[in-house]
Amino acid sequence: MGDEITVTVNGTAVRVAVGTMAAAAVMSVGAVCRRSVMGETRAPLCGMGVCFECRATVDGVEHVRTCQVLCRQGMVITTDAA
Amino acid sequence: MPREERCRILIVGAGPAGIAAACAAAETVDSVVVLDDNPAAGGQIWRGEENRWTARLRVCGARVSNQTRVIAMLDGGRVLAERDGEPLVFRYEKLIIATGARELFLPFPGWTLPGVTGVGGLQALVHGGLAIAGRRVVVAGSGPLLLAVAAHLRERGANILAIAEQASFRSLLRFGAQLWRTPAKIAQALELQWTLRGVLHLKEAWPIAAHGDGSLREVTLRTRAGARRFACDYLACGFGLVPNVELAALAGCELRDGFVGVDGWQQTTARDVLCAGEPTGIGGVDRSVVEGRIAGYVAAGRREKAERLFGERRRLHGFSAALARCFALREELRHLADDDTIVCRCEDVKLKSAFEHEGARAARLHGRCGMGACQGRICGPALRFMLGWAESSGRARPPLFPATMNTLAAVGEEESAHV
């Protein structure tokens with residue numbers, strides 16, 4: 001892929017290739033995305049923006065579907081299930 | 001109210017059908033706009049990959065608005081959308097709905113564990129940069145997507161432990177036998193078999209449980225030789241496709257057996273609204289492309305060009321019918337979930353509490369089943385298959401997706417203006 005950028009997932013800096021989705025960055029550090037109503041850990045299911053299991057806080061915006069968002073240099077991703 | 005953009009032809013969805021429609025329409029019409037939810041055009045199958053169609057889209061003259069989600073239909077031939085949290089309004093003369101399909105997920109014990117994904121779901125995540133090399137993957141469910149995804153993941157270095165197809169070997173043979181009508185698909189099938197040589201390919205097999213504490217560790221497959229357990233990192237599981245008909249329903253299009261009803265010109269029953277691709281029937285990329293082209297030509301007033309594609313469409317509809325027949329889901333799959341299995345993942349509604357209610361409406365009102373962020377897109381089709389519940393996609397309501405207050409305020413202003 002070539003070029004890499006750095007994003008932060010739950011406080012950890014992660015190098016990812018340009019074109020990486022935020023969801024993949026989260027999964028790459030072994031993090032999960034959210035806690036369900038009953039407190040279960042949840043991670044991406046559909047990968048296409050339909051199931052909402054991949055929601056996390058991205059640059060301060062809550063409930064972003066991370067499977068639909070490309071990583072940007074300096075992006076800060078915080079998951080519920082940190 | 002946000003500023004309004006006018007266009008002759010508005011297309012929702014930049015997958016194969018939407019792209020083909022845009023290219024066809026733009027041959028004649030110079031104001032064609034395509035709205036798409038994803039960061040790049042191509043839909044779930046092409047995902048921003050460079051090919052003949054995505055290249056044509058870029059030069060055809062149509063304007064593509066990425067990461068733009070349709071929220072509601074407004075009256076007077078207008079659509080409300082949202083991009084970066086901001087409302088956008090598009091006024092169209094003709095609307096082409098090309099919203100594609102999603103996967104059918106069926107609940108079984110453990111299906112909510114991180115590591116259990118869709119089949120197309122895992123493919124999408126890997127496309128999106130998830131490293132899969134060296135990871136142990138079980139691919140399960142039903143349909144040609146299983147092999148295509150397994151092959152793709154293997155090429156990326158995944159260790160495919162097993163492919164579990166619920167259909168019988170006889171059904172698969174029958175499916176293979178009718179491929180002579182679409183020779184290109186035979187070549188594809190042979191190539192997949194070659195890529196997947198040596199991989200365990202079970203028929204009449206399906207997942208009955210996923211195990212793990214906080215994330216997936218193992219999966220149990222029911223096979224003809226009894227239960228078999230596999231230690232794995234991912235279970236990619238999907239039972240075929242469900243059409244995305246919510247926007248069409250909201251636009252007032254009549255649904256037939258869960259699909260958007262269209263005539264030979266791809267026109268729906270709603271005035272000035274056409275539909276192409278998976279919402280009209282599940283049939284893969286070729287069918288979507290030909291229907292998209294027909295819809296694009298018809299919307300642009302070039303029926304003579306559309307008519308030349310009818311033969312090809314007829315042939316591909318034959319492929320759709322074979323697909324539905326050969327990969328029909330077996331009865332046993334209706335009973336994978338036990339009482340304590342969560343069916344609605346958004347609201348954590350268990351099967352036993354969904355059962356307390358008579359039908360989808362009561363379960364929604366009293367049990368919050370299908371009331372979460374996905375708006376019943378995942379549990380609705382599952383419960384329809386499991387319990388025979390007539391689902392509500394035929395009565396879609398705005399907002400079609402969760403929207404910002406900014407966007408909702410735009411609808412509010414609109415409605416108060418009519419009081």
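Parameters at a glance
- Residues numbered from 1 in each chain as written.
- Chains lettered and ligands numbered in written order.
- Predicted model: local features only at pLDDT ≥ 70, side-chain atom pairs only at ≥ 80, totals over all residues.
- Helix = DSSP H or I, 4+ residues; strand = E, 2+ residues; numbered from the N terminus.
- Rg over C-alpha atoms; globule rule 2.2 N^0.38 Å.
- Buried ≥ 20, exposed ≤ 12 C-beta atoms within 10 Å, placed from the backbone.
- Contact = placed C-beta atoms within 7 Å.
- Domains from an automatic or database assignment.
- Nonpolar A, V, L, I, M, F, W, Y, C, P; charged D, E, K, R; others polar.
- Pairing = 2+ DSSP bridges.
- Axes fitted to C-alpha atoms, helices over the stretch in contact; angles between N-to-C directions.

K.L.:
I keep staring at the overall build of chain A and nothing clicks. Help me out?
P.N.:
In terms of regular secondary structure, chain A is built from one helix and seven strands. Helices (α) and strands (β) of chain A occur, in sequence order from the N terminus, as β-β-α-β-β-β-β-β. Relative to the compact-globule value of 12 Å for 82 residues, chain A shows a C-alpha radius of gyration of 12 Å, a close match. For the C-alpha atoms alone, the extent of chain A along its principal axes is close to 40 × 25 × 20 Å. Put simply, chain A has 82 residues, and 49% of those count as buried. When contacts within chain A are restricted to residue pairs at least 6 apart in sequence, those whose partners lie at least 24 apart make up 38%.

K.L.:
Which parts of the structure should I look at to understand the domain arrangement of chain B?
P.N.:
Where the parts come together, the accessible area they lose is often given as the size of the interface. All names here are of chain B. Per the domain assignment, the segments of chain B are domain 1 (4-101 + 242-324), domain 2 (107-238) and domain 3 (331-388). The distance between the C-alpha centroids of domain 1 and domain 2 comes to 30 Å. Counting residues at the interface gives six residues for domain 1 and seven residues for domain 2. The residue inventory of the side of domain 1 that touches domain 2, partitioned by class, reads two nonpolar, two polar and two charged.

K.L.:
Is there a simple way to think about the sheet that holds strand E10 (residues 159-165) of chain B in this case?
P.N.:
Across a sheet, paired strands are connected by hydrogen bonds in the backbone, their directions being either parallel or antiparallel. Residues and elements named next belong to chain B. In space, the five strands of this open sheet follow the order E8-E15-E9-E10-E11, with parallel pairing throughout. At either margin of the open sheet sits one strand with a lone partner, and together these are strand E8 (116-117) and strand E11 (201-203). In terms of strand pairing, E8 meets strand E15 (residues 234-238) through two bridges, oriented parallel. Across the sheet, the residue bridging to valine 116 is leucine 235, located in E15. Helix H4 (residues 119-127) contacts E8, strand E9 (136-141) and E15 of the sheet and is inclined by roughly 125° relative to E15.

K.L.:
Which parts of the structure should I look at to understand the environment of threonine 28 of chain B?
P.N.:
Residues and elements named next belong to chain B. Along the chain, the position of threonine 28 falls in the loop between helix H1 (16-26) and strand E2 (32-35). According to the C-beta neighbour criterion, threonine 28 is partly exposed, with 16 such atoms within 10 Å. It is 29 Å that separates the C-alpha atoms of threonine 28 and proline 87, two residues lying 59 residues apart in sequence. Excluding its chain neighbours within four sequence positions, the residues that come into contact with threonine 28 are Ala300, Gly301 and Arg302.

K.L.:
Before we go on, may I ask you to explain the interface of chain A and chain B in this structure?
P.N.:
Chain A puts 30 residues into the contact, and the matching count from chain B is 31 residues. Put simply, the parts of the chain that give the side of chain A that touches chain B at least two residues each are strand E2 (12-17), helix H1 (22-28) and strand E4 (41-42) of chain A. When residues of the side of chain A that touches chain B are assigned to their parent elements, the largest contribution, four residues, is made by H1 of chain A. In terms of residue class, the side of chain A that touches chain B is made up of 19 nonpolar, eight polar and three charged.

K.L.:
What's the story with the environment of glycine 13 of chain B in this structure? I'm lost.
P.N.:
All names here are of chain B. Positionally, glycine 13 belongs in the loop between strand E1 (4-12) and H1. Placed 28 residues apart in sequence, glycine 13 and alanine 41 show a C-alpha to C-alpha distance of 8.5 Å. For glycine 13, the residues in contact, after removing those within four places along its chain, are Gly18, Asp36, Gly43, Ala98, Thr99 and Gly100.

K.L.:
What is the right way to look at the sheet that holds E2 of chain A in this model?
P.N.:
All names here are of chain A. Spatial strand order, E2-E1-E7-E5-E6: five strands in an open sheet with mixed pairing. Two strands close off the open sheet at either side, each with one partner strand: E2 and strand E6 (61-65). Pairs of neighbouring strands in the sheet enclose a mean axial angle of 40°, with direction left out of account. Pairing between strand E1 (residues 4-9) and E2: six bridges, direction antiparallel. Among the inter-strand pairings, threonine 8 is bridged to a residue of E2, identified as alanine 13.

K.L.:
Help me out: how do you make sense of helix H5 (residues 145-155) of chain B in this one?
P.N.:
Three or four residues apart is the spacing at which side chains of an α-helix point the same way, because the helix has 3.6 residues per turn. Residues and elements named next belong to chain B. Counting buried residues in H5 gives nine out of eleven residues, a clear majority hidden from the surface. Every buried residue of H5 is accounted for by Leu145, Leu146, Leu147, Ala148, Val149, Ala150, Ala151, Leu153 and Arg154. Packing partners of the buried residues in H5 comprise H4, E9, E10, helix H7 (183-195) and E15. Positioned one or two residues after H5, glycine 157 has a phi angle of 100°, which is positive.

K.L.:
Looking at this structure, I do not really get unusual backbone geometry. What am I missing?
P.N.:
Both trends apply: most residues other than glycine have a negative phi, and most peptide bonds are in trans. A cis amide bond, omega -10°, links proline 398 of chain B with the succeeding residue proline 399 of chain B. Along the chain, proline 399 of chain B turns up in the loop between helix H14 (379-387) and helix H15 (405-418). Its identity is not glycine, yet asparagine 10 of chain A carries a phi of approximately 50°, on the positive side. Structurally, asparagine 10 of chain A is set in the loop between E1 and E2.

K.L.:
Looking at this structure, I do not really get the pairing of strand E13 (residues 218-223) of chain B. What am I missing?
P.N.:
The two faces of a sheet get side chains in turn, since along a regular strand they alternate between them. All names here are of chain B. Bridging between strand E12 (residues 206-211) and E13 involves five bridges; their strand directions are antiparallel. Residue pairing for E13: histidine 211 is matched across the bridge by glutamate 218. Linking E12 back to E13 in an antiparallel pair, the connection comprises six residues, with glycine 212 at a positive phi of about 155°. Both E13 and strand E14 (residues 226-231) contribute to a ladder of six bridges, which runs antiparallel. When the bridges of E14 are listed, threonine 223 appears paired with glycine 226. In textbook terms, the turn of a hairpin is the stretch between consecutive antiparallel strands, and for E13 and E14 this stretch comprises two residues.

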